[in-house]
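Summary of structural features
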Amino acid sequence: MDAFGARPVLEEMARELAAHGYYVLVPNLCYRHGPTPVVELPEDIGEELRPAVFAQLMPLIEAHTTERALRDADAYLRFLTTQPEVSAGPVAVIGYCMGAAMAMRTAAAHPDQVAAVAGFHPAFLVTDAPDSPHRLVPKLTAQVHLGLAENDMTSEAISELNQALDAAGVGYTTEIYPGIVHGFTMSDTDAFNPSALQRHWDRLLPLLDRTLANG
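All of the points below concern the structure found in this document. (Residues numbered from 1 in each chain as written. Predicted model: local features only at pLDDT ≥ 70, side-chain atom pairs only at ≥ 80, totals over all residues. Heavy atoms only, no water.)

What about the overall build of the protein chain?
Stated precisely, the cut-off is as follows: Counting from the N terminus, the helices are DSSP H or I runs at least four residues long and the strands are E runs at least two residues long. Only the C-alpha atoms count toward the radius of gyration. The rule for a globule is 2.2 Å times the residue count to the power 0.38. Relative accessibility thresholds used throughout: buried, under 20% of the residue-type maximum; exposed, over 50%; partly exposed, between the two (1.4 Å probe, protein chains only).
Each helix and strand in the protein chain was counted, giving six helices and four strands. What you see in the protein chain, going N to C, is helices and strands ordered as α-α-α-β-α-β-β-α-β-α. Rg of the C-alpha trace for the protein chain: 16 Å, near the compact-globule value of 17 Å for 215 residues, within the 12% margin. Dimensions of the protein chain along its principal axes, counting C-alpha atoms only, are 45 × 45 × 35 Å. In the protein chain, which comprises 215 residues, the proportion classed as buried is 47%.

Listed below in C-alpha cells is the structure:
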C-alpha cells in the first residue's frame with residue numbers, strides 16, 4: 001500500500017495481477033488502528049484535500065516502525081505458504097510510495113523466499129537511518145525494479161542507491177518516468193497518469209514472469 005492505505009484502487013490492481021495467475025495479498029499495514037479504510041478517504045484525493053488527509057495518516061504511518069513491519073512481513077509470508085491455492089516457490093513484494101521501503105525490508109529479511117522486489121513512486125529508500133533500506137541491499141537475492149517519478153528522489157540519492165545495488169551484485173533496473181509526478185499509479189488521486197500506470201504494468205509483469213513463473 002501507499003500512504004493512503006488499502007482501498008478500492010489497490011483491490012483493482014490486485015485483481016489485475018490475479019488475472020495473470022498470481023495469488024495476491026494486499027495487507028492493511030495500519031491494521032492496528034482499525035479495518036480499512038482506517039481513515040475516511042474522499043473518492044478523489046486532490047491536492048486541496050491532501051493536507052487534511054495526511055494530518056490523520058501521518059501518526060499511523062509513523063507508528064508503523066521497522067520492528068512492526070518486519071514482524072508483520074513474517075506473518076504475511078507464513079500465511080501465503082499455508083494457502084492451498086499458492087504454489088510452492090518464491091514470492092514477489094511490490095510497494096507503492098512508502099510501500100516500496102516495506103517491500104525492500106521484507107526482501108532483505110527473507111532472501112530465501114523473495115525473488116523479486118518492485119517499487120513505484122518509492123519513498124524512504126535512502127535515508128540517514130542506520131537501517132535505511134539502501135543499507136540492506138547486501139542481504140538481497142531478489143531482482144529489483146524501481147519506477148520513479150521525476151521528483152521522487154534526488155539524483156544523489158538515486159546514485160547512492162544504485163551504487164549500493166551494484167556493490168551487492170543485485171540485478172536491478174532503476175527508471176525515471178519523465179514528466180510524471182509522485183503517485184502516478186493511483187487512479188483515485190490527481191497524480192494519476194494512465195500511460196505511466198501502463199508502463200508500470202509493462203515493467204512489473206515481465207519481472208514477475210522471470211522470477212516467479214518457474215516457482
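A short note on a nonpolar patch on the surface
The condition that has to hold: Candidates for patches are residues over 30% relative accessible area with no salt bridge; among them, like charges are joined within 9 Å and nonpolar side chains (Val, Leu, Ile, Met, Phe, Trp, Tyr) within 5 Å. For accessible areas, the Shrake-Rupley method is used with a probe of radius 1.4 Å. Any residue's cover is judged against the shown protein chains and nothing else. We count a salt bridge whenever a side-chain nitrogen from Lys or Arg sits within 4 Å of a carboxyl oxygen from Asp or Glu.
Where nonpolar side chains cluster on the molecular surface, the patch consists of Tyr 23, Leu 25 and Phe 79 and spans about 250 Å² of accessible area. In this fold, Leu 25 is placed in the loop between helix H1 (8-18) and helix H2 (50-63). With a relative accessible area of 34%, Leu 25 lands in the partly exposed category.

Some points on the side chain of Asn 162
Note the threshold: For this analysis, residues touch if any pair of their heavy atoms sits within 4.5 Å.
Topologically, Asn 162 is positioned in helix H5 (residues 155-168). Beyond its immediate sequence surroundings of up to four residues, Asn 162 is in contact with Tyr 172 and Thr 174.

Let's talk about the pairing of strand S3 (residues 143-149)
Where a strand is regular, its side chains alternate between the two sheet faces. Put simply, the rule is: Between any two strands, at least two bridges found by DSSP are needed for them to pair.
Summarising burial for S3: six of the seven residues are buried, a large majority. With five bridges joining them, strand S2 (residues 114-120) and S3 adopt parallel strand pairing. Bridge assignment links Val 117 to a residue of S3, and that residue is Val 144. As judged from the six bridges shared by S3 and strand S4 (residues 172-177), these two strands associate in the parallel manner. Within the sheet, the bridge partner assigned to Leu 146 lies in S4 and is Thr 174.

With respect to the packing of H1 against helix H6 (residues 194-212)
The following threshold applies: Angles here are taken between N-to-C directions and fall from 0 to 180 degrees, while the axes themselves are lines fitted to C-alpha atoms, restricted in helices to the stretch in contact. Here the word oblique covers every angle except those under 35 degrees (roughly parallel), over 145 (roughly antiparallel) and from 65 to 115 (roughly perpendicular). Should the near helix be turned anticlockwise from the far one by less than a right angle, the crossing is termed left-handed; should it be turned clockwise, right-handed.
Running from amino to carboxyl end, H1 crosses H6 at an angle of 45°, the nearest separation of the two axes being 12 Å. If you check the angle between H1 and H6, you find them oblique. Handedness of the crossing formed by H1 with H6: right-handed. Contacts from Met 13, Glu 16 and Leu 17 in H1 reach Leu 197, His 200, Trp 201, Leu 204, Leu 205 and Leu 208 in H6.

Here's the deal with the pattern of salt bridges
Under the criterion given, the structure shown has 10 salt bridges. Residue Asp 72 pairs with Arg 32 through a salt bridge whose shortest N-O separation is 2.9 Å. Note that Asp 72 is positioned in helix H3 (residues 66-81) and Arg 32 in the loop between H1 and H2, a separation of 40 residues in sequence. In this structure, Arg 199 engages Glu 175 in a salt bridge whose closest nitrogen and oxygen atoms are separated by 2.7 Å. Placement of the pair is Arg 199 in helix H6 and Glu 175 in strand S4, with a sequence separation of 24 residues. Here Arg 199 falls in the partly exposed class, since its relative accessible area comes to 25%. Residue classification places Glu 175 among the buried residues on the basis of a relative accessible area of 14%. It is possible to trace a salt-bridge network through shared partners that takes in Asp 2, Arg 7 and Asp 188.

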